[in-house]
Amino acid sequence: STAPSAFVDDNWTKCCRKMLGGYGSSRKPSEEEKGIVENFKSDIAKKANIAEFKTFTVDEVSTQTVAGINYKFKVTTDEHVLQATIWGKLDRTHELTKVEILVGPEQKKLAGGFTGFRAAEKDEVSIAEKFKADVAKEIGATEIKSYEVKSVKTQVVAGVNYVFEVCHSKDL
């Protein structure tokens, strides 16, 4: 028997394959997924030790197939950026398993750590495109046929540091 082409095609690099057992790339959540996390809004506030949210925006989700589905949601509130992990059980019920504060009110004003991965804005995609030739050189390719910026995380320092998640195919 032959392995699926995604696993034997050298033109498509590892960055685009979903790691078995791992979380997939972050993406915009569906309305159904937004509903799942919004059902846990008060529980998320309680676990994060936050009195209440004035705003609650579900920015992105990544999923992991387990005995059910783990959902890792990035949520922006009026003063925080949170990551909420919810287990979608096989019986179609859900359980909030973890809440992390990625950015608190004091961090919004300070330079420091990297944000979580999120969808790249148009200007950030332009920045990543400028380094396409460097990526080709790094992977030993003469040319990159396909180059897609999947997500970005940033760090504010004396300027901005970027980490891009990029999928590409190369001409060997």
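Residues numbered from 1 in each chain as written. Predicted model: local features only at pLDDT ≥ 70, side-chain atom pairs only at ≥ 80, totals over all residues. Heavy atoms only, no water.

### Quick look at the overall build of the protein chain
Now for step 1: In terms of helices and strands, the protein chain carries five helices and six strands.
Now for step 2: Its helices and strands taken in sequence order, the protein chain reads α-α-α-β-β-β-β-α-α-β-β from the N to the C terminus.
Now for step 3: The buried share of the protein chain, reckoned over its 172 residues, is 31%.
Now for step 4: Of the contacts made within the protein chain by residues no fewer than 6 positions apart, 52% connect residues no fewer than 24 positions apart.
Now for step 5: Only carbon and sulfur atoms are counted for the fraction: they give 51% of the accessible area of the protein chain, which is about 11,000 Å². (Helix = DSSP H or I, 4+ residues; strand = E, 2+ residues; numbered from the N terminus. Buried < 20%, exposed > 50% of the residue type's maximum accessible area, 1.4 Å probe, protein only. Contact = heavy atoms within 4.5 Å. Areas by Shrake-Rupley, 256 points an atom, 1.4 Å probe, with all protein chains shown as cover.)

### Topic: the packing of aromatic side chains
Now for step 1: For the coordinates displayed, the defined rule picks out two aromatic pairs.
Now for step 2: With a centroid separation of 5.3 Å and an interplanar angle of 45°, the aromatic rings of F53 and F56 are classed as tilted. Each member of the pair, F53 together with F56, is buried.
Now for step 3: Judged by centre distance (5.7 Å) and plane angle (15°), the ring pair of Y71 and F73 falls under stacked.
Now for step 4: Residue classification places Y71 among the buried positions, given a relative accessible area of 11%.
Now for step 5: The buried category is assigned to F73, whose relative accessible area is 0%.
Now for step 6: Residue placement shows K72 over the ring face of Y23; its charged tip is 4.0 Å from the ring centre. (Phe/Tyr/Trp six-rings, centres within 6.5 Å; stacked < 30°, edge-to-face > 60°. Lys NZ or Arg CZ within 6 Å of the ring centre and 35° of its normal.)

### Things to note about the confidence of the model for the protein chain
Now for step 1: Looking at the protein chain, pLDDT values average 79 and 79% of them are 70 or higher.
Now for step 2: Helix α2 (residues 31-38) holds the highest mean pLDDT among the elements of the protein chain, 96, whereas helix α1 (residues 5-8) holds the lowest, 36.
Now for step 3: Across residues 1-19, confidence stays below pLDDT 50; counting only partners more than four residues off in sequence or on other chains, it has 25 contacts. (pLDDT = per-residue confidence, 0-100.)

### Quick look at the nonpolar core
Now for step 1: By size, the foremost hydrophobic cluster in this structure holds 19 residues, and its most contacted members are V37, I44, F53, F56, F73, I86 and L96.
Now for step 2: Among the secondary structure elements, those contributing two or more residues to this core are α2, α3 (41-47), β1 (56-66), β2 (68-77), β3 (81-88) and β4 (94-103).
Now for step 3: The contact partners of F56, leaving out residues within four places of it in the chain, are V37, E38, K41, I44, V75, T76 and T77. (Core = buried A, V, L, I, M, F, W, Y, C linked by side-chain atoms within 4.5 Å.)

### Concerning the pattern of salt bridges
Now for step 1: For the coordinates displayed, the defined rule picks out five salt bridges.
Now for step 2: For E95, the salt bridge goes to K89, with nearest N and O atoms at 3.2 Å.
Now for step 3: By relative accessible area, K89 is classed as partly exposed at 26%. (Salt bridge = Lys/Arg side-chain N within 4 Å of Asp/Glu carboxyl O.)

### Quick notes on unusual backbone geometry
Now for step 1: Even without being glycine, N49 reaches a positive phi, approximately 60°.
Now for step 2: Here N49 lies in the loop between α3 and β1.
Now for step 3: Judged by its relative accessible area of 73%, N49 falls in the exposed class.
Now for step 4: Located in the positive-phi region is R92, a residue other than glycine, with phi close to 75°.
Now for step 5: Positionally, R92 belongs in the loop between β3 and β4.
Now for step 6: Given the relative accessible area of 69%, R92 is considered exposed.

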